Amino acid sequence: MSLIYHLKLSKKSLKGARIALLPGDPGRVPVIASAVNNEEASEIACNREFRTWLSMMDIHPVIITSTGIGGPSAAIAVEELAQLGIRTFIRVGTTGALQLNIRAGDVVITTASVRIDGTSEHYAPLEYPAVADYGVLNALVEAAKTVNVRCHVGVTASSATFYPGQERIDTFSRYVIRDLAGSKKEWEELGVLNYEMESATLLTMCNAMGLRAGCVTGVISERTQKEKIILSKIRAAEGNAIAVAVTALRRLLTDYPSSPSTTPR
Ligand code: URA
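All figures in this text were calculated on a predicted structure; none of them were measured in a lab.

**Student:** Whenever I open this one, the pairing of strand S5 (residues 88-97) confuses me. Can you help?
**Tutor:** Along a regular strand, successive side chains alternate from one face of the sheet to the other. The buried count for S5 comes to 9 of 10 residues, which makes it a mostly enclosed element. One ladder, built from 4 bridges, connects strand S1 (residues 19-22) with S5; its direction is parallel. Within S5, the residue paired with Leu21 across the bridge is Ile90. Note: S5 against strand S10 (residues 212-222), 10 bridges, orientation parallel. Considered in S10, the bridge of Thr94 is made with Gly218. In this structure, S5 lies alongside strand S9 (residues 194-196), joined through 2 bridges in antiparallel fashion. Pairing of Gly96 across the sheet is with Tyr195, part of S9.

Have a look at this one:
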């Protein structure tokens, strides 16, 4: 039985799963797997930042794999899961809000991402858009209505770094290079909703390879007010993003089951 290099998974261990939920944090994997199905969830691999659980939604196997932080490791997770048969990916993460009306604990559903992640340029030139799959996006938006979570739908800035790329200056050097100085204000002015670190890689590479992807994130910082993470809101934000993703998953598996072809474009 050959195991894929980073994820340490075999095709057989996925039990024919075609859909994966992708948190960044390995610690969130069992939480999401249990939210999918509390009774049929188990760990099938754990290597480096990549922790994978298999869960079941009714008769459908569902994979939950952590991507770690940022584009490079997210791209590895998506590439290897695609090789093993996954065709639909939903990122379930956390985010910093860039608009005043978006509050900690709300969720953001990404329609498209500003590609300041670096990694996505290895999959398509910068002119190529990082857009969510329409079916996945629609399922996430409908799911947010169903679970009655405060939700914002729009463009996300997907940064390669947590500190300078998101213009944080409460740092060791207190310095942000000229190219990034003023970028936060600019994204705000352009109506960008939020900062996170994986969606541009995910959406670009999935579109480029004929895979489906979407992204829902829970708000844990209000960047119009301050830089710090609002620790008291992490649990609520994560819980809301997970509730939306799991409800969307049910919809995708029942109402919209057809997957893209098994071969890459
Ligand atoms: N994730 C980010 O990338 N930035 C934030 O501010 C919060 C979560």
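Next comes the rest of the write-up.
**Student:** Looking at this structure, I do not really get the pattern of salt bridges. What am I missing?
**Tutor:** Two side chains of opposite charge can pair, provided their charged atoms sit close to one another. Applying the stated criterion across every chain, the model contains 11 salt bridges. Of the charged contacts in the structure, one is a salt bridge between Lys185 and Glu189, with a shortest N-O distance of 2.9 Å. Of this pair, Lys185 and Glu189 both sit in helix H4 (residues 183-189), 4 residues apart, which is roughly one turn of that helix. Given the relative accessible area of 57%, Glu189 is considered exposed. Among the charged side chains, a salt-bridge network with shared partners connects Arg91, Glu196 and Glu198.

**Student:** How should the environment of Tyr128 be read in this particular structure?
**Tutor:** Considering the arrangement of structural elements, one finds Tyr128 in the loop between strand S6 (107-116) and strand S7 (130-131). Residue classification places Tyr128 among the partly exposed residues on the basis of a relative accessible area of 28%. Considered as a pair, Tyr128 and Asn207 are 79 residues apart in the sequence and their alpha carbons are 9.6 Å apart. Filtering out sequence-adjacent residues up to four positions away, Tyr128 remains in contact with Arg115, Thr204, Asn207 and Ala208.

**Student:** What is the right way to look at the side chain of Arg223 in this model?
**Tutor:** Position of Arg223 among the secondary structure elements: in the loop between S10 and helix H6 (234-254). Buried and unpaired, Arg223 has Glu227 as its nearest opposite-charge partner, separated by 4.6 Å.

**Student:** So what exactly am I meant to see when it comes to the site of the ligand here?
**Tutor:** Contacts to the ligand come from Thr94, Thr95, Gly96, Phe162, Gln166, Arg168, Tyr195, Glu196, Met197, Ile220, Ser221 and Ile229. Contact between the ligand and Arg168: an oxygen atom at 2.7 Å from a side-chain N or O atom of the residue. Within the side chain of Ser221, one N or O atom sits 2.8 Å away from an oxygen atom of the ligand. Taking 230 Å² as the accessible area of the ligand by itself, protein coverage stands at 94%. Looking at the shell around the ligand, the elements with two or more residues in it are S5, S9 and S10. Of the residues forming the shell around the ligand, the biggest block, 3 residues, is contributed by S5. Tallied by class, the residues present in the shell around the ligand amount to 5 nonpolar, 5 polar and 2 charged.

**Student:** Would you mind going over unusual backbone geometry with me for this structure?
**Tutor:** For residues besides glycine, phi is generally negative; the peptide bonds are generally trans as well. We note that Arg48 has phi near 50°; this positive angle belongs to a residue other than glycine. Within the element layout of this structure, Arg48 appears in the loop between strand S2 (41-47) and strand S3 (50-57). The backbone of Arg174 shows a phi angle near 60°, a positive value even though the residue is not glycine. Look at Arg174 and you get exposed, because its relative accessible area is 55%.

**Student:** Can you walk me through the packing of aromatic side chains in this structure?
**Tutor:** For any pair of aromatic rings, the description consists of the separation of the ring centres together with the inter-plane angle of the planes. A complete count under the given rule lists 1 aromatic pair for this structure. Where Phe162 meets Tyr163, the ring centres are 4.9 Å apart and the plane angle is 80°; that geometry is what we call edge-to-face. Note that Arg168 overlies the ring of Phe162, its terminal NZ or CZ placed 3.8 Å from the centroid.

**Student:** What should I look at first to understand the packing of helix H1 (residues 29-36) against H6 in this one?
**Tutor:** If you want to describe how two helices pack, look at the angle between their axes and the distance between the axes. With their axes 10 Å apart at the nearest point, H1 and H6 run at an angle of 45° to one another. In terms of orientation, H1 and H6 fall into the oblique class. The way H1 lies across H6 gives a crossing that is right-handed. Counted together, Val31, Ile32, Ala35 and Val36 of H1 and Ile242, Val246 and Leu249 of H6 form the full contact between these two elements. Residues that form the contact of H1 with H6 fall into these classes: 7 nonpolar, no polar and no charged.

**Student:** What am I meant to see in the packing of helix H3 (residues 134-146) against H6 here?
**Tutor:** Where H3 contacts H6, the two axes come as close as 8 Å, and the packing angle between them is 125°. Taken together, the axes of H3 and H6 lie oblique to each other. The two elements H3 and H6 meet at a crossing, and its hand is right-handed. Of H6, the residues touching H3 (which contributes Gly135, Val136, Ala139, Leu140, Glu142, Ala143, Ala144 and Thr146) are Val244, Ala245, Thr247, Ala248, Arg251 and Leu252. Here the contact of H3 with H6 is composed, by residue class, of 9 nonpolar, 3 polar and 2 charged.

Quick notes on the rules
Residues numbered from 1 in each chain as written. Predicted model: local features only at pLDDT ≥ 70, side-chain atom pairs only at ≥ 80, totals over all residues. Heavy atoms only, no water. Buried < 20%, exposed > 50% of the residue type's maximum accessible area, 1.4 Å probe, protein only. Helix = DSSP H or I, 4+ residues; strand = E, 2+ residues; numbered from the N terminus. Pairing = 2+ DSSP bridges. Salt bridge = Lys/Arg side-chain N within 4 Å of Asp/Glu carboxyl O. Contact = heavy atoms within 4.5 Å. Lys, Arg positive; Asp, Glu negative; His and termini not counted. Near = heavy atom within 4 Å. Polar contact = N/O pair within 3.5 Å; in protein donor to acceptor, adjacent residues only side chain to side chain. Areas by Shrake-Rupley, 256 points an atom, 1.4 Å probe, with all protein chains shown as cover. Nonpolar A, V, L, I, M, F, W, Y, C, P; charged D, E, K, R; others polar. Phe/Tyr/Trp six-rings, centres within 6.5 Å; stacked < 30°, edge-to-face > 60°. Lys NZ or Arg CZ within 6 Å of the ring centre and 35° of its normal. Axes fitted to C-alpha atoms, helices over the stretch in contact; angles between N-to-C directions. Parallel < 35°, antiparallel > 145°, perpendicular 65-115°, else oblique. Left-handed = near helix turned anticlockwise from the far one by under 90°.

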